[in-house]
Amino acid sequence: MTTVSAHALTLGYQRQVILDRLELTLPERAISVLVGSNGCGKSTLLKALARLIEPWEGRVCLDGKAINRQPTRTVAKSLSLLPQQPEAPEGITVRQLVGLGRHPHQNWFEQWSEADEAMVQRALLHTGLNTLSERAVDTLSGGQRQRAWIAMAIAQDTPLMLLDEPTSFLDLTHQMEVLDLLRDLNRREGKTIVMVLHDLNLACRYADHIVAVRQGGVHVQGAPKEVITKERVKEVFNLTCRIIDDPFFNTPLCIPFGKDVPG
Amino acid sequence: MPEHWVIRLPGFSRIVTPEPWRRVGAILLLSLVVLGVSLAVGRVPLSLSQLGVALTTPTSENGLIVIQLRLPRALLGALVGGALGMSGWLFQQVMRNPLASPDIVGVTSGASAAAVGYFSLLATNWGMAWLPLAAILGALSTAFAIYLLAWQRGVAPLRLVLIGIGVSALLGAVTTFILVASPLTTTLSAYVWLTGSVYAANWSEVTALAGWCALLGAALIPLMRLTLLAPLDDALATGIGVRVQWTRALLLVVASMLAGVAVAWGGAFAFVGLVAPHMARMISRTTGTAQAVMAVLFGACMVMLADLLGRTLFLPLDLPAGIFVAAIGAPFFLTLLIRQRR
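Criteria and thresholds
- Residues numbered from 1 in each chain as written.
- Chains lettered and ligands numbered in written order.
- Predicted model: local features only at pLDDT ≥ 70, side-chain atom pairs only at ≥ 80, totals over all residues.
- Heavy atoms only, no water.
- Helix = DSSP H or I, 4+ residues; strand = E, 2+ residues; numbered from the N terminus.
- Rg over C-alpha atoms; globule rule 2.2 N^0.38 Å.
- Buried < 20%, exposed > 50% of the residue type's maximum accessible area, 1.4 Å probe, protein only.
- Pairing = 2+ DSSP bridges.
- Phe/Tyr/Trp six-rings, centres within 6.5 Å; stacked < 30°, edge-to-face > 60°.
- Lys NZ or Arg CZ within 6 Å of the ring centre and 35° of its normal.
- Contact = heavy atoms within 4.5 Å.
- Axes fitted to C-alpha atoms, helices over the stretch in contact; angles between N-to-C directions.
- Buried area = accessible area lost by both parts, 1.4 Å probe.
- Salt bridge = Lys/Arg side-chain N within 4 Å of Asp/Glu carboxyl O.
- Polar contact = N/O pair within 3.5 Å; in protein donor to acceptor, adjacent residues only side chain to side chain.
- Nonpolar A, V, L, I, M, F, W, Y, C, P; charged D, E, K, R; others polar.
- Expected span 1.5 Å × (residues − 1).
- Parallel < 35°, antiparallel > 145°, perpendicular 65-115°, else oblique.
- Left-handed = near helix turned anticlockwise from the far one by under 90°.

Caption draft 1: Main features of the overall build of chain B. If you tally the helices and strands in chain B, you get 14 helices and 2 strands. Computed over the C-alpha atoms, the radius of gyration of chain B is 21 Å, within 12% of the 20 Å expected from 2.2 N^0.38 for a compact globule of 342 residues. Taking the principal axes of the C-alpha coordinates as reference, chain B spans close to 60 × 55 × 45 Å. Expressed as a percentage of the 342 residues in chain B, the buried residues total 53%.

Caption draft 2: Focus on the pairing of strand E6 (residues 79-82) of chain A. Residues and elements named next belong to chain A. Neither face of E6 is exposed, since Leu79 and Leu81 on one face and Ser80 and Leu82 on the opposite face are all buried. Here 4 bridges tie E6 to strand E7 (residues 160-164), and the two strands are oriented parallel to one another. By the bridge assignment for E7, leucine 79 is matched with leucine 160.

Caption draft 3: Inspection of the packing of aromatic side chains at higher detail. Evaluated as defined, the whole model comprises 4 aromatic pairs over all chains. Through pairs of rings, three or more aromatic residues link up here, namely Trp108(A), Phe109(A) and Phe12(B). Lying across the ring of Trp108(A), Arg14(B) places its NZ or CZ 4.9 Å from the centre.

Caption draft 4: The sheet that holds strand E1 (residues 4-13) of chain A, seen in detail. Residue and element names in this part refer to chain A. With respect to topology, 4 strands assemble into an open sheet ordered E2-E1-E4-E5, the strand pairing being antiparallel. Each edge of the sheet is formed by a strand with only one pairing partner; in this case those strands are strand E2 (16-25) and strand E5 (65-66). Where E1 lies against strand E4 (residues 57-62), 5 bridges are found, and the strand directions are antiparallel. Bridge pairing in E4 places valine 4 opposite leucine 62. The strands touched by helix H1 (residues 42-49) are E1, E2 and E4; relative to E1, the strand with the most contacts, the crossing angle is about 120°.

Caption draft 5: Seen up close, the interface of chain B and chain A. Taken together, the contact between chain B and chain A spans 31 residues of the former and 36 residues of the latter. Buried surface at the junction of chain B and chain A, both sides included, amounts to about 2900 Å², of which 55% is carbon and sulfur. At the surface where chain B touches chain A, the tally comes to 2 salt bridges. Of the charged contacts in the structure, one is a salt bridge between Arg8(B) and Glu117(A), with a shortest N-O distance of 2.6 Å. Taken together, chain B and chain A are joined by 17 residue pairs in polar contact (both at pLDDT 80 or more). Those elements that place two or more of their residues in the side of chain B that touches chain A are strand E1 (5-9), strand E2 (12-16), helix H9 (203-229) and helix H10 (234-239) of chain B. Sorting elements by how many residues they give to the side of chain B that touches chain A places H9(B) first, with 5 residues. Taken together, the residues of the side of chain B that touches chain A break down into 13 nonpolar, 9 polar and 9 charged.

Caption draft 6: Region of interest: helix H5 (residues 142-155) of chain A. The end-to-end C-alpha distance of H5(A) is 20 Å, a good match for the 20 Å that 14 residues give at a rise of 1.5 Å each. Within H5(A), 12 of the 14 residues are buried, which leaves the element mostly enclosed by the surrounding structure. Restricting attention to buried positions, one finds in H5(A) the residues Gly143(A), Gln144(A), Gln146(A), Arg147(A), Ala148(A), Trp149(A), Ile150(A), Ala151(A), Met152(A), Ala153(A), Ile154(A) and Ala155(A). In the core, the buried residues of H5(A) are packed alongside E6, helix H3 (94-100), helix H4 (114-126), E7 and helix H6 (172-189) of chain A together with H10 of chain B. Looking one or two residues past H5(A), Asp157(A) carries a phi angle of roughly 60°, positive in sign.

Caption draft 7: The packing of helix H3 (residues 61-95) of chain B against helix H13 (residues 289-312) of chain B, seen in detail. All names here are of chain B. Where H3 contacts H13, the two axes come as close as 6 Å, and the packing angle between them is 140°. By the angle class used here, H3 and H13 are oblique. Here H3 runs over H13; the crossing is right-handed. Taking contact as the criterion, the partners of Arg70, Arg73, Ala74, Gly77, Ala78, Gly81, Gly82, Gly85, Met86, Trp89 and Gln93 in H3 are, on H13, Gln291, Ala292, Ala295, Val296, Gly299, Ala300, Val303, Met304, Asp307 and Arg311. Along the lines of polarity and charge, the residues of the contact of H3 with H13 split into 10 nonpolar, 7 polar and 4 charged.

Caption draft 8: Quick peek at the side chain of Gln70(A). Residue and element names in this part refer to chain A. Structurally, glutamine 70 is set in the loop between E5 and helix H2 (72-78). Here leucine 62 takes part through its backbone oxygen, which lies 3.5 Å from a polar atom of the side chain of glutamine 70. Each residue touching glutamine 70, except ones within four places of it in the same chain, is listed here: Leu62, Lys65 and Val75.

Caption draft 9: Representation of the pairing of strand E11 (residues 241-245) of chain A in the model. All names here are of chain A. Sheet topology note: the E11/strand E12 (residues 252-256) ladder contains 5 bridges and is antiparallel. For cysteine 241, the partnering residue across the bridge sits in E12 and is proline 256. In textbook terms, the turn of a hairpin is the stretch between consecutive antiparallel strands, and for E11 and E12 this stretch comprises 6 residues, one of which, asparagine 250, has a positive phi near 65°.

Caption draft 10: Spotlight on the environment of Leu148(B). Residues and elements named next belong to chain B. Along the chain, leucine 148 falls in helix H6 (residues 131-150). Classification of leucine 148 as exposed rests on a relative accessible area of 52%. The sequence separation of leucine 148 and glutamate 3 amounts to 145 residues, and the corresponding C-alpha distance is 44 Å.

Caption draft 11: Region of interest: the pattern of salt bridges. Under the counting rule described, the total for this entry stands at 20 salt bridges over all chains. Across the pair Arg122(A) and Glu189(A) runs a salt bridge, and its minimum N-O distance is 3.1 Å. On the criterion of sequence distance, the pair formed by Arg122(A) in helix H4 and Glu189(A) in helix H6 is long-range, its members being 67 residues apart. In this structure, the salt-bridge partner of Asp234(B) is Arg248(B), at a minimum N-O distance of 2.7 Å. One end of the pair, Asp234(B), is in helix H10; the other, Arg248(B), is in helix H11 (residues 244-266), with 14 residues separating them in the sequence. Judged by its relative accessible area of 26%, Asp234(B) is partly exposed. Taking relative accessible area as the criterion, Arg248(B) reaches 5% and is therefore assigned buried. Each of the salt bridges in this network shares a partner with another, and the network as a whole consists of Arg73(B), Asp307(B), Arg311(B) and Asp318(B).

Caption draft 12: Summary view of the packing of helix H4 (residues 107-121) of chain B against H6(B). Residues and elements named next belong to chain B. Relative orientation of the contacting elements H4 and H6 amounts to 140°, with a least axis distance of 7 Å. Overall, the two elements H4 and H6 adopt an arrangement that is oblique. In this structure, H4 crosses over H6, and the sense of that crossing is right-handed. For the pair H4 and H6, contact is made by Val107, Gly110, Ala111, Ala114, Ala115, Tyr118 and Phe119 and by Leu131, Ala134, Ala135, Gly138, Ala139, Thr142 and Ala143, respectively.

Right, dumping it as structure tokens:
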């Protein structure tokens with residue numbers, strides 16, 4: 001089993017502290033969503049969990065062992081990462097891109113084993129890209145491209161997937177498509193999914209566990225119903241709102257007020 | 001026609017797309033044609049049958065011309081161009097910048113400054129035998145300096161390019177200073193060398209450079225997989241388990257060495273390292289080993305052709321190939337840029 005956790009995690013850029021003695025243990029086989037206002041450090045936290053940033057103090061642990069001490073290839077077998085707005089190398093085809101996800105499982109001799117082929121096929125099928133596999137990634141639409149990146153992460157075949165705003169710059173239809181796909185992966189294969197989302201209502205719909213980040217620490221965490229209240233939203237986002245029950249899905253629904261506060 | 005070939009042996013597996021390799025084959029044929037023409041054309045023009053006779057009778061007059069003069073010269077040109085093409089391709093992959101090449105990021109300038117310094121300060125006492133070594137060391141130490149200057153908790157590709165351009169300008173000034181301060185005869189031969197020339201190439205030079213190229217080529221075999229991952233952004237590459245900084249440093253060393261040895265035996269050819277990879281990319285958009293091999297072949301063709309023009313166009317003058325590389329390369333490059341903007 002693969003667990004990821006942060007202990008007294010402190011780090012930042014230049015001299016500015018972004019995360020300050022942050023403690024976090026994420027539930028296994030669940031979808032966790034990091035939320036918070038711009039610049040609160042949620043993306044930084046995700047990067048630190050993915051070993052992209054070295055902590056100043058404290059540590060990130062993968063299965064109880066410090067992640068920065070483990071060989072990066074070993075880590076890549078249990079943790080895959082989709083950064084924000086990744087850019088595909090010029091001219092690369094969908095199949096090649098998805099195949100890159102197999103890198104940690106390959107060596108100089110074995111570069112297209114039966115397992116590689118099977119996993120790439122499966123990832124293409126899951127994401128509905130099997131008919132587009134020979135197309136160049138830079139000719140795809142935004143939604144297709146995002147699915148190609150997710151397919152690459154799927155092909156990596158890791159129990160843990162970290163995604164930084166996988167739905168940004170997608171229209172609502174494609175946002176739902178991506179989130180449904182991720183939930184499928186979680187429900188069917190028991191993958192632990194950790195992602196940053198901007199849309200609080202979608203976060204409530206899809207998350208099993210919400211982590212609200214504020215001032216470089218975890219402000220509150222738990223199931224959406226417990227965590228998302230108007231007081232919390234005010235604290236975390238500095239936003240006046242009302243929370244109602246979603247009439248169809250029974251998850252919290254946030255109605256932001258902005259300037260117009262109804263009587 | 002299959003889109004891929006899958007090779008599976010016990011403990012060994014590959015997926016190969018045959019399409020770009022077919023094009024590699026075509027370009028290889030083209031290179032051989034260029035080589036053949038280089039051997040046949042010159043002050044003593046030979047027909048195809050005469051060329052055949054000359055190649056099989058090394059002691060005949062034509063045999064001497066072809067085997068002792070034209071062949072080593074063409075092969076040295078091919079090796080120099082091939083090494084520059086590969087070096088440029090590697091730089092463009094690693095720096096993720098289509099403008100990166102050994103002459104633009106300063107590695108060629110480093111080799112030039114070292115070689116010209118050797119020319120005017122040490123050559124009178126030590127002879128010319130150590131010139132290649134000076135050039136290689138110049139290339140490597142410049143690459144090292146650029147890398148150190150660009151380091152900021154890791155090296156970002158764009159920063160490498162920009163610092164390289166700065167260092168290149170600085171080294172250009174050093175070279176000019178040495179040239180101006182040296183006696184006229186030294187300046188003249190150094191100037192020819194700076195343009196790039198394979199004039200009076202002999203077999204010992206060809207074998208020496210071929211040895212270096214084979215060594216560096218062998219080093220690239222296990223690294224090829226990493227060169228294909230180099231254009232990925234750092235976060236993605238780390239995510240799939242690549243040691244990003246280590247890979248980048250390693251590939252830069254090989255790319256700089258390739259440029260260093262090319263410059264050491266052929267002089268400071270401009271444009272080959274920049275244009276050859278672009279030609280390869282036009283023929284095969286997909287990055288891969290086939291594309292790298294194309295860059296090598298295009299580089300080889302460019303220098304062979306340029307030298308052919310240099311020694312035949314203005315007979316009896318024998319002009320340095322570097323002039324013609326720029327004459328072919330520059331217009332080509334401009335067309336490329338203009339087309340890309342549209």
